[in-house]
Structures are given as C-alpha cells and as structure tokens.
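Structural features, examined
Each chain, written out:
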Amino acid sequence: MRQAIGAVTLVVRDYDEARAWYTGVLGFDLIEDTPLGGGKRWLTVAPPGSGEARLLLARADSPAQAARVGDQTGGRVFLFLHTDDFARDHRRFLARGVRFLEEPREEAYGTVAVFEDLYGNKWDLLQLRG
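Residues numbered from 1 in each chain as written. Predicted model: local features only at pLDDT ≥ 70, side-chain atom pairs only at ≥ 80, totals over all residues. Heavy atoms only, no water.

1. A closer look at helix 3 (residues 86-95)
Applied cut-off: Three labels apply to residues, based on accessible area from a 1.4 Å probe with only protein chains included: buried if under 20% of the type maximum, exposed if over 50%, partly exposed otherwise in between. Helix and strand assignments follow DSSP, with helices taken as H or I runs no shorter than four residues and strands as E runs no shorter than two, numbered in order from the N terminus. By definition, the arc is the one covered by directions from the helix axis to the C-beta atoms. Two residues qualify as a contact provided that any one of their heavy atoms is within 4.5 Å of a heavy atom in the partner residue.
For helix 3, the complete set of buried residues consists of F86, D89, H90 and F93. Seen end-on, helix 3 carries its buried residues on one side only, within an arc spanning 100°. Residues R91 and A95 are exposed on helix 3 and point more than 90 degrees away from its buried face. Against the buried residues of helix 3 lie helix 1 (15-25), strand 5 (77-82), strand 6 (99-100), strand 8 (110-116) and strand 9 (122-128). A positive backbone phi angle near 90° is found at G97, which sits one or two residues after helix 3.

2. Examining the environment of L30
Assignment of secondary structure puts L30 in strand 2 (residues 29-37). Considered as a pair, L30 and A20 are ten residues apart in the sequence and their alpha carbons are 9.7 Å apart. Apart from residues no more than four positions distant in its own chain, L30 is found in contact with R19, T23, L43, T44 and V45.

3. Here we look at the pattern of salt bridges
Where we set the bar: Any carboxyl oxygen of Asp or Glu that lies within 4 Å of a side-chain nitrogen of Lys or Arg is treated as forming a salt bridge with it.
Counted according to the given criterion, the structure contains 13 salt bridges. Residue D89 pairs with R88 through a salt bridge whose shortest N-O separation is 2.9 Å. The class for D89 is buried, based on a relative accessible area of 7%.

4. Topic: the UniProt feature "domain: VOC" (unreviewed entry) in the protein
Spelled out, the test is: UniProt positions are given in the numbering used here, feature names are shortened, and annotations may be inferred rather than shown by experiment.
Look at the UniProt record and you will see "domain: VOC" (unreviewed entry) annotated at residues 4-128. Within residues 4-128, the helical portion is 20% and the strand portion 42%, while the C-alpha atoms at the span's ends are 20 Å from each other.

5. Topic: the pairing of strand 4 (residues 54-59)
Just so we agree on the cut-off: Each pair of strands is called paired provided DSSP finds at least two bridges between the two strands.
Note: strand 1 (residues 7-12) against strand 4, six bridges, orientation parallel. Bridge pairing links T9 to L56 in strand 4. Taken together, the two bridges between strand 3 (residues 40-46) and strand 4 define a ladder with antiparallel strand orientation. When the bridges of strand 4 are listed, T44 appears paired with L56.

6. Some thoughts on the layout of surface pockets
One simple way to see leftover space: roll a probe sized like a water molecule over the atoms. So the rule is basically this: For each structure, a 1 Å grid was placed over the protein atoms alone; sets of points admitting a 1.4 Å probe that cannot get out are labelled cavities, open sets with protein on both sides within 12 Å along at least five of seven lines are labelled pockets, and lining residues have an atom within 4 Å of a point. Grid points are joined across faces, edges and corners, and a volume is the space filled by probe spheres set on the points. Residue type decides the class: Asp, Glu, Lys and Arg count as charged, Ala, Val, Leu, Ile, Met, Phe, Trp, Tyr, Cys and Pro as nonpolar, and the leftover types, Gly among them, as polar.
Its boundaries defined by the atoms lining it, the largest pocket holds a volume of some 530 Å³. For the lining of the largest pocket, the secondary-structure elements that each account for two or more residues are strand 3, strand 4, strand 5 and helix 3. Of the residues that constitute the lining of the largest pocket, the class distribution is 15 nonpolar, five polar and five charged.

7. Thoughts on the environment of V12
Tracing the backbone shows V12 in strand 1. V12 sits in the buried class, given a relative accessible area of 0%. Taking the C-alpha atoms as reference, V12 lies 4.8 Å from R59; in sequence the two are 47 residues apart. Each residue touching V12, except ones within four places of it in the same chain, is listed here: A18, L57, A58, R59, A60, V69 and Y119.

8. Points about the packing of aromatic side chains
As a reminder, the rule being used: Here a pair means two rings of Phe, Tyr or Trp (six-membered ring of Trp) with centres within 6.5 Å. Their orientation is stacked below 30 degrees between planes, edge-to-face above 60, and tilted elsewhere.
What the rule picks out here adds up to seven aromatic pairs. Note on F28 and W123: the rings are 6.1 Å apart at their centroids and 65° apart in plane angle, and the pair reads as edge-to-face. Placement of the pair is F28 in the loop between helix 1 and strand 2 and W123 in strand 9, with a sequence separation of 95 residues. The exposure class of W123 is buried, given its relative accessible area of 4%. Here a set of aromatic residues connected by ring pairs shows up, and it is made of W21, Y22, F28, F93, F100, F115 and W123.

See the structure below:
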C-alpha cells in the first residue's frame, strides 16, 4: 500500500502576490496556475526536488477565510521546509528579505530556525541530522 499527501491548502490574500513570493523569494517551482472561472485559480507551488507534495495557494473568498490568512494554525509553526544545506538556504532567504523569528539553533533532530511567510504564517527551515 502507498499513500502520499498531494497538496496542502494555504489560504492567501491574493494569487499573484502569493505566487510571486513563493516562487521569487523562497525559490519554489510553479507547478500549475490554471484559471477555474469566477476569478478562482488552481495555483500550486513546490520546493525544488520535493516530489509529489504541493502547496495549493487558495485565495480567501469569504470574510471567515480572510480572517485566517496568516494564522491558519493559531500561531504555531505551520509548515516544515526541509533542506539539504541549512546555511545556504538561510543566507539566501535573509538576502531576499525573509523574516526569521530566531537565530538558527541546533536540536537533537537537526538545525532549525523559524521564519514567517509574507502573511505571517510560521515555517521551520530545517536540516535533519543523518
């Protein structure tokens, strides 16, 4: 038996600004940007080499959804971006204006630092040990 998470939805304020930030600042690949009618789009991005997993950037289309932009997890870290070179990606993200909430730290499981995306969602940049 095989299963995999294909996509995780991230509610965003605007398709174009989200696309630009995730592809331009974080360097994610644009996987698909297909109009669905009525102003909606199927917009997926993924980190290079991420396999099947995608991030679906979904524009908020109600006041309830708009209220969740930037806080989909109640202030907890939402997503974990694994890297094969923490120092490289940390430097690159800082140079592109990514806001880190802490200095890099060593944990039993690897090197990690929390950063925010353009909406304030918290992410871990993480290089696992071993």
